[in-house]
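Chain by chain, the residues:
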Amino acid sequence: MSESFDAPTLIIAKRDGHRLPDAGIDWLIEAYTAGRVAEEQMSALLMAIYLRGMDAAETVRWTAAMIDSGERFDFSGLRRDGAPLTTVDKHSTGGVGDKITLPLVAVVAACGAAVPSASGRGLGHTGGTLDKLESIAGFDVTISGARLAEQLSTVGAAVFAAGQLAPADAKLYALRDITGTVDSLPLIASSVMSKKLAEGTQGLVLDVKVGTGAFMKDLDDARELAARMIALGTAHGVPTRALLTDMSTPLGCTVGNAIEVAESLDVLAGGGPADVVDLTVRLAAEMLALAGIDGIDPAQTLRDGTAMDRFTAMVAAQGGDLGVPLPMGACTETLTADRGGIMGDIDAMAVAQAAWRLGAGRAKPGERVQHGAGVRIHRRPGEPVAAGQTLFTLYTDTAERLAPALAELDGGFGVADTPPVPRPLIIEASP
């Protein structure tokens, strides 16, 4: 690629509020990925983007350049029994107790679509789908393009590490995390969409979280992020739609790694918490609509066991063994109610930070997580509580982590005489 650009000129241009030229963006992303642009220079440019923003055309070009930095899968020729097989995926902007990917990929596969789901690891308070699945003995998240295509045609679902999909994004995300530039709408949108567009899906549904446990605390910001990501999908020829969903209270009754896998298995067995089931079914319906599949009730796959069959087949295809008991932290602590009444709101961020303190998450990339660490919520908002009843159980393999985790929960919930004001799980759908 021509070296007709240089980093200082591009930094100054954005600092002064100008649009970055298309060819300049192409050069910058390629040069940074190859190590010819210094971390200090990219840090300065990211801060300039954070302060000055990028317009729609810039963001489209930035996303395209990140896609071009690595592999791009193409499943347009995917077939099963001689018939074309449509691929569709979901992306969540990150939440607490958000294990939806696990049952969802199986439900959609059971309905006749294929789901190639490039997923990530947790960082900070948000859990990572790969960390959860790796709590299953033997589960392998690395998968080649050829093996992925074969698994999609036979099983219909695969959850895997992004690997060489949009490697520029992996470098940029790590840099954004330590330079105070994570909360930039164009950078968030391009980060999400570069990986999802590179994975070759033919349709994409976005689950944009809003609330105390989400990156987007404000509804208007969440709407703008959803609109930007939908526009990026459209610009790249991938039909995209979004749901805005509440993340002020944890999803389900578990937050952690193996503990969330166990809850996902409950959902796949036809049980599980109502909010996890409801969101799984609604997202599945959106995905099936994009795939052009109608006349199938996704909830039926949970009742008749076909979704569970797909999940166990996916786990087996990726080397996992569900016959081995899931790990559970050896050290536990319970938190009980000091009075009777009704469970009030549970702050998603407080529970997330408690799970992180227990070892379920990581403070920096590359750290090992404790697969058996996590928090179980025994009473959900609005449910009756008796004095002395267990409200939370904490799990960890490191006893000294229990006290800091309990401190995180302090003030994050309450028991009152009246129920909390209910909030809809699904706030709105994209127009």
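Anything mentioned here points back to the structure above.
Fair warning: this is a prediction, and the values are worked out from it, not measured in the lab.

1. Re the overall build of the protein chain
Moving on, step 1. For the protein chain, the helix and strand inventory stands at 16 helices and 15 strands.
Moving on, step 2. Taken over the C-alpha trace, the protein chain has a radius of gyration of 22 Å; the compact-globule value for 431 residues is 22 Å, and the two agree within 12%.
Moving on, step 3. On the principal axes, the C-alpha backbone points of the protein chain span a range of 70 × 55 × 40 Å.
Moving on, step 4. Considering only contacts within the protein chain whose residues lie at least 6 apart along the sequence, 80% involve residues at least 24 apart.
Moving on, step 5. A total accessible area of about 16700 Å² is found for the protein chain, and carbon and sulfur atoms account for 53% of it.

2. Examining the nonpolar core
Moving on, step 1. The biggest cluster of nonpolar side chains holds 67 residues, and the ones touching the most others in it are Val 108, Phe 311 and Phe 392.
Moving on, step 2. No other element matches helix α12 (residues 274-290), which puts eight residues into this core.
Moving on, step 3. Once you skip the residues sitting within four places of it in the chain, Phe 311 turns out to touch Leu 102, Ala 106, Leu 133, Ile 136, Leu 265, Leu 268 and Leu 322.

3. Concerning the sheet that holds strand β7 (residues 240-246)
One key point about sheets: their strands pair by backbone hydrogen bonds, in either a parallel or an antiparallel sense.
Moving on, step 1. Strand order in the open sheet formed by four strands is β3-β6-β7-β15, with mixed pairing between adjacent strands. Each edge of the open sheet carries a strand with a single partner, namely β3 (89-92) and β15 (426-429). Averaged over neighbouring strand pairs, the angle between their axes works out to 20 degrees when direction is ignored.
Moving on, step 2. Pairing geometry for β3 and strand β6 (residues 204-210), over four bridges, is parallel. Of the residues in β6, the one forming a bridge with Lys 90 is Val 205.

4. Looking at the pairing of strand β13 (residues 390-396)
Moving on, step 1. Across the seven residues that make up β13, a large majority, six, are buried.
Moving on, step 2. The sheet contact formed by strand β9 (residues 331-336) and β13 spans six bridges and is antiparallel. Bridge pairing in β13 places Thr 336 opposite Thr 390.
Moving on, step 3. Strand direction decides the pairing type here: strand β11 (residues 374-377) and β13, joined by four bridges, are antiparallel. Across the sheet, the residue bridging to Ile 377 is Phe 392, located in β13.

5. Side note on the side chain of Gln 370
Moving on, step 1. Tracing the backbone shows Gln 370 in the loop between α15 (348-358) and β11.
Moving on, step 2. Beyond its immediate chain neighbours, meaning those up to four positions away, Gln 370 contacts Asn 257, Leu 358, Gly 359, Ala 360, Thr 396, Asp 397, Thr 398 and Arg 401.

6. Remarks on helix α3 (residues 39-52)
Moving on, step 1. Between its first and last C-alpha, α3 extends 20 Å over 14 residues, near the 20 Å set by a 1.5 Å rise per residue.
Moving on, step 2. Buried within α3 we find Met 42, Ser 43, Leu 45, Leu 46, Ala 48 and Ile 49.
Moving on, step 3. With its phi angle positive at about 80 degrees, Gly 53 sits one or two positions after the end of α3.

7. Digging into the environment of Thr 142
Moving on, step 1. Summarising the element assignment, Thr 142 is placed in the loop between α6 (129-133) and α7 (145-154).
Moving on, step 2. Taking the C-alpha atoms as reference points, Thr 142 and Ala 65, separated by 77 residues in sequence, lie 24 Å from one another.
Moving on, step 3. Polar side-chain contacts of Thr 142 include one of 2.6 Å to the side chain of Asp 140.

8. Observations concerning the sheet that holds strand β12 (residues 384-385)
Moving on, step 1. The strand order across the open sheet formed by three strands is β12-β10-β14, and the pairing between neighbours is antiparallel. Edge positions in the open sheet fall to β12 and β14 (415-416), since each of these has one partner strand only.
Moving on, step 2. Pairing analysis gives two bridges linking strand β10 (residues 341-343) to β12, with the strands arranged antiparallel. Within the sheet, the bridge partner assigned to Gly 341 lies in β12 and is Val 385.

9. Some details on the pattern of salt bridges
Moving on, step 1. Counting across every chain of the model gives 31 salt bridges.
Moving on, step 2. Salt-bridge contacts for Asp 16 lead to Arg 15; the nearest nitrogen and oxygen are separated by 3.0 Å.
Moving on, step 3. By relative accessible area, Asp 16 is classed as partly exposed at 39%.
Moving on, step 4. Look at Arg 15 and you get partly exposed, because its relative accessible area is 48%.
Moving on, step 5. Linking Glu 383 and Arg 379 is a salt bridge whose minimum nitrogen-to-oxygen distance equals 3.9 Å.
Moving on, step 6. On the basis of relative accessible area, Arg 379 is assigned to the buried category, the value being 19%.
Moving on, step 7. Residues participating in the shared-partner salt-bridge network are Arg 19, Asp 22, Asp 26, Asp 55 and Arg 61.

10. Section: the packing of aromatic side chains
Moving on, step 1. Under the defined criterion, the tally for this structure stands at three aromatic pairs.
Moving on, step 2. Residues Phe 73 and Phe 160 carry aromatic rings whose centres are separated by 6.4 Å and whose planes lie at 55 degrees to one another, so their mutual orientation is tilted. Of this pair, Phe 73 sits in the loop between α4 (56-67) and β1 (79-80) while Phe 160 sits in strand β5 (residues 157-161), and the two are 87 residues apart along the sequence. As far as burial versus exposure is concerned, Phe 73 and Phe 160 are alike and both buried.
Moving on, step 3. Clustering of aromatic rings is evident, with ring pairs tying together Phe 73, Phe 75 and Phe 160.
Moving on, step 4. In this arrangement the basic side chain of Lys 171 is found over the ring face of Tyr 32, its NZ or CZ atom lying 4.2 Å from the centre.

Definitions and limits used
- Residues numbered from 1 in each chain as written.
- Predicted model: local features only at pLDDT ≥ 70, side-chain atom pairs only at ≥ 80, totals over all residues.
- Heavy atoms only, no water.
- Helix = DSSP H or I, 4+ residues; strand = E, 2+ residues; numbered from the N terminus.
- Rg over C-alpha atoms; globule rule 2.2 N^0.38 Å.
- Contact = heavy atoms within 4.5 Å.
- Areas by Shrake-Rupley, 256 points an atom, 1.4 Å probe, with all protein chains shown as cover.
- Core = buried A, V, L, I, M, F, W, Y, C linked by side-chain atoms within 4.5 Å.
- Buried < 20%, exposed > 50% of the residue type's maximum accessible area, 1.4 Å probe, protein only.
- Pairing = 2+ DSSP bridges.
- Axes fitted to C-alpha atoms, helices over the stretch in contact; angles between N-to-C directions.
- Expected span 1.5 Å × (residues − 1).
- Polar contact = N/O pair within 3.5 Å; in protein donor to acceptor, adjacent residues only side chain to side chain.
- Salt bridge = Lys/Arg side-chain N within 4 Å of Asp/Glu carboxyl O.
- Phe/Tyr/Trp six-rings, centres within 6.5 Å; stacked < 30°, edge-to-face > 60°.
- Lys NZ or Arg CZ within 6 Å of the ring centre and 35° of its normal.

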